[in-house]
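Structure at a glance
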Amino acid sequence: MIATEEKTQNGHQEDFYNSILSRCRQAATILGLDEDTYNALIAPSKEVKVNLTVKMDNGRVKVFEGYRVIHSIYLGPGKGGIRYANNVNIDEVRALATGMTLKNAVVDVPFGGAKGGIKCNPREMTKGELERLTRAYAYQLADIIGPDRDIPAPDVGTDSQIMAWLVDAYSRRVGFSSPGVVTGKPLVMGGSLGRVEATGRGVMITALAAMEKLGMNPNETTAAVQGFGNVGSISARLLAEKGIKIKAISDVSGGYYNEKGIDIDLAIDYYNSHDMSLEGFTGADIISNDELLTADVNLLVPAAIEDQITSQNADRIKARLIVEGANGPTSAAADKFFIDKDIMVVPDILANAGGVTVSYFEWAQNRMGYYWDIDRVYRREDRAMNAAFERVYATAKHYKTDMRIAAYIVAIDKISSTMKLRGVF
Ligand code: GLU
């Protein structure tokens, strides 16, 4: 049997990677998993660090740190996004890669888990600099990624244009066109319809499924959404379309609150026409990030970045339902507050898995060379997300645990059974 105390790097449960390890251990303990299988399951398979030399527009050469962690390949090739942000580091990428392994198992897509990142500030770089940085990364990782090895996708700070450069750089290096090496591509070069909105759509589907279980009527529900990137803005728009009143939104410029509800289409137009920022948005009062998270709403959707909900603020959250659009927004130390107060948390590895689900459809379409219409994408995504939600919900009931640990149980059960069948050498 495994020991109940995780030997975490620094012993506490407030940071991202240690939070994941702590929940893995809780789930493995409930499953009665043996120590050897557990240790093999959580250990990252491969961690790569590259130094990327890029010529900047001013003629200088700058060195950027890049990472790719392939956490697991038991269920299929590595799969997960690439993040461009200033705070990217190996611990974060390892945590995100571990999260992808679990997420992919929860939604039953035939992938292991991986994640990449480059420490940079894409907002301060020109298009040419971003292109050269991306090509340098693809060049250095060409032996690691591939449609059957590891398949990147967008994440915080990256988009379909960056995916296009990755495909091009990789294809040139291998000598043939290889669209299936990356997902989240532009439509014209083998992207899938529905991929852009896939993560937000999954957040909406799982939020509605959870609301039904809790007897919450969308027309009487109010929400706060943290983050206004791809996930936050589209989640807010789709939830509003279902009748939910979005009282608060936020981005890096701050929080915006309107008691009567924010017009999300207006906010999206504002954001897009103001250099991807809500700064100066007038349809609401300005609030702090803390005020947004603790706002008087029924539904909270953290859809920004990790480490937002901790033991510092968890006890002040008023929502009955939290649906995690971001990866790792809640620390393990905060979990118990929600269990005690009977607040349902639809965890990241379930709630935001719509993105990778449609990434799987994109990869499958690339391999078939046959492309689906939008109705088929939506239908299959909705079906996959609802099935995953029900699987996790039933597991939570069966083991008398919360939705987060239930999702970890679903994932660890699937991965550990596969590991045992495959064996070790
Ligand atoms: N970056 C997204 C995530 O965290 C999508 C990953 C993918 O599509 O591979 O789930």
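Here the structure is shown first, and the text comes after it.
So, here's what we can say about the structure.

Conventions used here
Counting restarts for each chain: residues are numbered from 1 in the order of the written sequence. In keeping with the model being predicted, local features are shown solely for residues with a pLDDT of at least 70 and side-chain atom pairs are shown and tallied solely at 80 or more, while totals for entire chains, interfaces and linings include all residues. Side-chain measures were taken over the full set of non-hydrogen atoms in the model, leaving aside hydrogen atoms and water. Secondary structure counts use DSSP, requiring at least four H or I residues in a row for a helix and at least two E residues in a row for a strand, with both numbered from the N terminus. Only protein chains enter the calculation, and the probe is 1.4 Å; a residue is then buried if its accessible area is under 20% of its type maximum, exposed if over 50%, and partly exposed in between. Should any heavy atoms of two residues lie within 4.5 Å, those residues are counted as being in contact. To qualify as a nonpolar core, a set must consist of buried Ala, Val, Leu, Ile, Met, Phe, Trp, Tyr and Cys residues joined through side-chain atoms within 4.5 Å. We call a residue near a molecule or strand as soon as one heavy atom of that residue lies within 4 Å of the molecule or strand. In protein, a polar contact means a hydrogen-donor-capable atom and an acceptor-capable atom, both N or O and within 3.5 Å, with residues adjacent in sequence counting only if both atoms are side-chain atoms; elsewhere, any N or O pair within 3.5 Å suffices. Per-residue and other accessible areas follow the Shrake-Rupley method at a 1.4 Å probe size, with only the shown protein chains counted as cover for residues. Cavities and pockets are defined on a 1 Å grid built over the protein atoms alone: a cavity is a set of grid points where a 1.4 Å probe fits but cannot escape, while a pocket is an open set with protein on both sides within 12 Å along at least five of seven lines, and lining residues are those with an atom within 4 Å of any such point. Grid points are joined across faces, edges and corners, and a volume is the space filled by probe spheres set on the points. Each residue is assigned to one of three groups, with Ala, Val, Leu, Ile, Met, Phe, Trp, Tyr, Cys and Pro labelled nonpolar, Asp, Glu, Lys and Arg labelled charged, and all others, Gly among them, labelled polar. Helices are assigned an expected span. That span is 1.5 Å times one less than the residue count. Think of it this way: DSSP has to see at least two bridges between two strands before they count as a pair. Axis definition: a line fit to C-alpha positions, over the contact stretch in the case of helices; interaxial angles, taken between N-to-C directions, run 0 to 180 degrees. A pair of aromatic rings is counted whenever rings of Phe, Tyr or Trp (Trp by its six-membered ring) have centres within 6.5 Å, and the orientation is called stacked for planes under 30 degrees apart, edge-to-face for over 60 and tilted otherwise.

**Focus on the environment of Val50**
Relative to the elements of secondary structure, Val50 occurs in strand β1 (residues 46-55). Relative accessible area serves as the criterion here: at 7%, Val50 is assigned to the buried category. Once residues lying within four places of it in the same chain are set aside, the contact partners of Val50 are Phe64, Glu65, Gly66, Tyr137, Gln140 and Leu141.

**Remarks on the nonpolar core**
Counting residues in each nonpolar core, the largest one holds 81 residues, and the members touching the most others are Ile249, Phe281, Leu321 and Val346. It is helix α14 (residues 403-422) that contributes the most residues to this core, eleven residues altogether. Judged by nonpolar contacts, the second largest core, of 31 residues, contains Val50, Met56, Ala138 and Leu141.

**Looking at the site of the ligand**
Taken together, 14 residues lie around the ligand, and Lys79, Lys103, Pro154, Asp155 and Ser359 are the ones closest in. Within the side chain of Lys103, one N or O atom sits 2.6 Å away from an oxygen atom of the ligand. Within the side chain of Lys115, a nitrogen or oxygen atom sits 2.9 Å from an oxygen atom of the ligand. Considering the ligand on its own, with 300 Å² of exposed area, one finds that the protein chains cover 95% of that surface.

**Examining empty space enclosed by the protein**
Overall, the coordinates contain one cavity of 30 Å³ or more when judged by the stated rule. Taken as a whole, the largest cavity holds about 60 Å³ of empty space. Lining the largest cavity are Phe16, Ile20, Ala95, Leu96, Gly99, Met100, Lys103, Lys115, Asn327, Gly328, Asp348 and Ile349. Among the elements of the structure, α1 (16-31), α3 (90-106) and α11 (348-351) are those that each provide at least two residues to the lining of the largest cavity. Looking at the lining of the largest cavity element by element, the count peaks at five residues for α3. Looking at the lining of the largest cavity residue by residue, the class counts come to six nonpolar, three polar and three charged.

**Describing unusual backbone geometry**
Located in the positive-phi region is Asp275, a residue other than glycine, with phi close to 60°. Relative to the helices and strands, Asp275 is located in the loop between α8 (264-273) and β10 (285-287). With relative accessibility at 67%, the residue Asp275 sits in the exposed group.

**Quick word on the layout of surface pockets**
Roughly 390 Å³ of internal volume is contained in the second largest pocket. In terms of lining residues, the second largest pocket is bounded by 16 residues, among which Asp342, Ile343, Met344, Asp402 and Met403 are the most central. Where the lining of the second largest pocket is concerned, the elements lending two or more residues are α10 (332-340), β13 (344-346), α13 (374-399) and α14. Here the lining of the second largest pocket is built from residues that sort into nine nonpolar, one polar and six charged.

**Details of helix α7 (residues 230-241)**
Residue pairs three or four apart in sequence face the same way in an α-helix, which turns once every 3.6 residues. Here α7 is twelve residues long and its end C-alpha atoms lie 17 Å apart, about the 16 Å a rise of 1.5 Å per residue gives. All of the buried residues along α7 are Val231, Gly232, Ser233, Ile234, Ser235, Ala236, Leu238 and Leu239. Those residues of α7 that are buried lie in contact with α6 (198-214), β7 (222-226), β8 (245-251), α8 and β11 (299-302). Gly243 sits one or two residues past α7 and shows a positive phi near 100°.

**Concerning the sheet that holds strand β2 (residues 61-72)**
Within a beta sheet, neighbouring strands are joined by backbone hydrogen bonds and run either parallel or antiparallel to one another. The four strands are arranged β1-β2-β5-β4 in an open sheet whose pairing can be described as mixed. Lying at the two open borders of the sheet, with one neighbouring strand each, are β1 and β4 (82-85). Averaged over all neighbouring strand pairs, the angle between strand axes comes to 20°, with direction disregarded. Pairing of β1 with β2 involves ten bridges; the strand directions are antiparallel. Of the residues in β2, the one forming a bridge with Val54 is Lys62. Strand contacts of α3: β1, β2, β4 and β5 (113-119), with the helix running at about 150° to β5, the strand carrying the most contacts.

**A look at the packing of aromatic side chains**
Tallied over the entire structure, the rule returns nine aromatic pairs. When the centroid spacing of 5.0 Å and the interplanar angle of 70° are considered together, the rings of Phe111 and Trp363 count as edge-to-face. Here Phe111, found in the loop between α3 and β5, pairs with Trp363, found in helix α12 (residues 354-368); they are 252 residues apart in sequence, far enough to count as distant. Arranged with centres 5.4 Å apart and planes meeting at 75°, the rings of Phe228 and Tyr271 form a pair that is edge-to-face. Remark: Tyr271 occurs in helix α8 and Phe228 occurs in the loop between β7 and α7; sequence separation between them is 43 residues. Members of the aromatic cluster, joined through ring pairs, are Phe111, Tyr360, Phe361, Trp363 and Trp372.

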